[in-house]
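Here's the letter readout for the chains.
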Amino acid sequence: MPMKRILGTLTIGQTPRVDLIPEMREMMGPRVEVIEAGALDGLTLDEVAKFSPGPGDPVLVTRMADGTAVRIAEKHIVSRMQAKIDRLVDQGAEIIGLVCTGEFPEFRCDRLIVRPDRVLLSAASAVASGLRIGALVPDAEQVSELGRRWAAIASPSAARCESASPYGPLEPIGFAAESLKQWGADIVVMDCIGYTLAMKDMVKQITKTPVMLARTILARTLAELL
């Protein structure tokens, strides 16, 4: 029987990611064993509140283990992420998959670290150059920053971001998808690892366009590498 390959996943929130890892496992197959770590593991909601973004801080959106959505600033969790990466390596992880599409500095690690922001951007660049790209992002404060990410593939006039959290009711996602449809998106990118397959199906039905989902592109890339 083939040996299992060990994947370490690192969320910027808390584990277990019951909303995420089971869907990824389905795409990676039974030969991949997943060990999880979270930058906010072991912290209370009051403690996490101290990591909230201040003026000018890039906003990251994630969830606690009980599903509560939280907003944090990157600068508060990078050192915690590094400590979790070290622990995953000690536990035998052969590859580390970051499960957040945010942009982070380089980490110290002698294992391959797969970053979904780069994988998603590269995949979209390969298929969506010259198209009108609509992007869904979790928070209104991310629209300007992430809008520049997608405008780099198309152009400022051919890229549009709409915000809708994956950690709340579905209605805002539907409204955002409808807005992208009315704008004339040729393709939609769901730029957050928290968006699910069910959410992708809803967006696809509303927009009538191809939809790229961060978690599935990440899972298939990891499956290829493992």
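These remarks concern the structure in this document. The structure presented is a predicted model; accordingly, all values stated were derived computationally and were not measured.

Conventions used here
Residues numbered from 1 in each chain as written. Predicted model: local features only at pLDDT ≥ 70, side-chain atom pairs only at ≥ 80, totals over all residues. Heavy atoms only, no water. Pairing = 2+ DSSP bridges. Helix = DSSP H or I, 4+ residues; strand = E, 2+ residues; numbered from the N terminus. Axes fitted to C-alpha atoms, helices over the stretch in contact; angles between N-to-C directions. Contact = heavy atoms within 4.5 Å.

### Some points on the sheet that holds strand S5 (residues 95-98)
Spatially, 4 strands are ordered S2-S1-S5-S6 in an open sheet, and the strand pairing comes out parallel. The outermost strands of the open sheet, each flanked by one partner alone, are strand S2 (32-38) and strand S6 (112-114). Going from strand to strand, the sheet's axes swing by 25° on average, the running direction of each strand aside. Here 7 bridges tie strand S1 (residues 5-11) to S2, and the two strands are oriented parallel to one another. The residue of S2 that forms the bridge with leucine 7 is valine 34. Lying over the sheet, helix H3 (residues 78-90) contacts S1, S2, S5 and S6, oriented at roughly 165° with respect to S1. Where helix H8 (residues 214-225) meets the sheet, its contacts fall on S1, S5 and S6, and the angle it forms with S6 comes to roughly 160°.

### Concerning the environment of leucine 218
By the element assignment, leucine 218 lies in helix H8. The residues touching leucine 218, leaving out its near neighbours within four places in the chain, are Met24, Leu98, Val99, Val114, Pro116 and Ile193.

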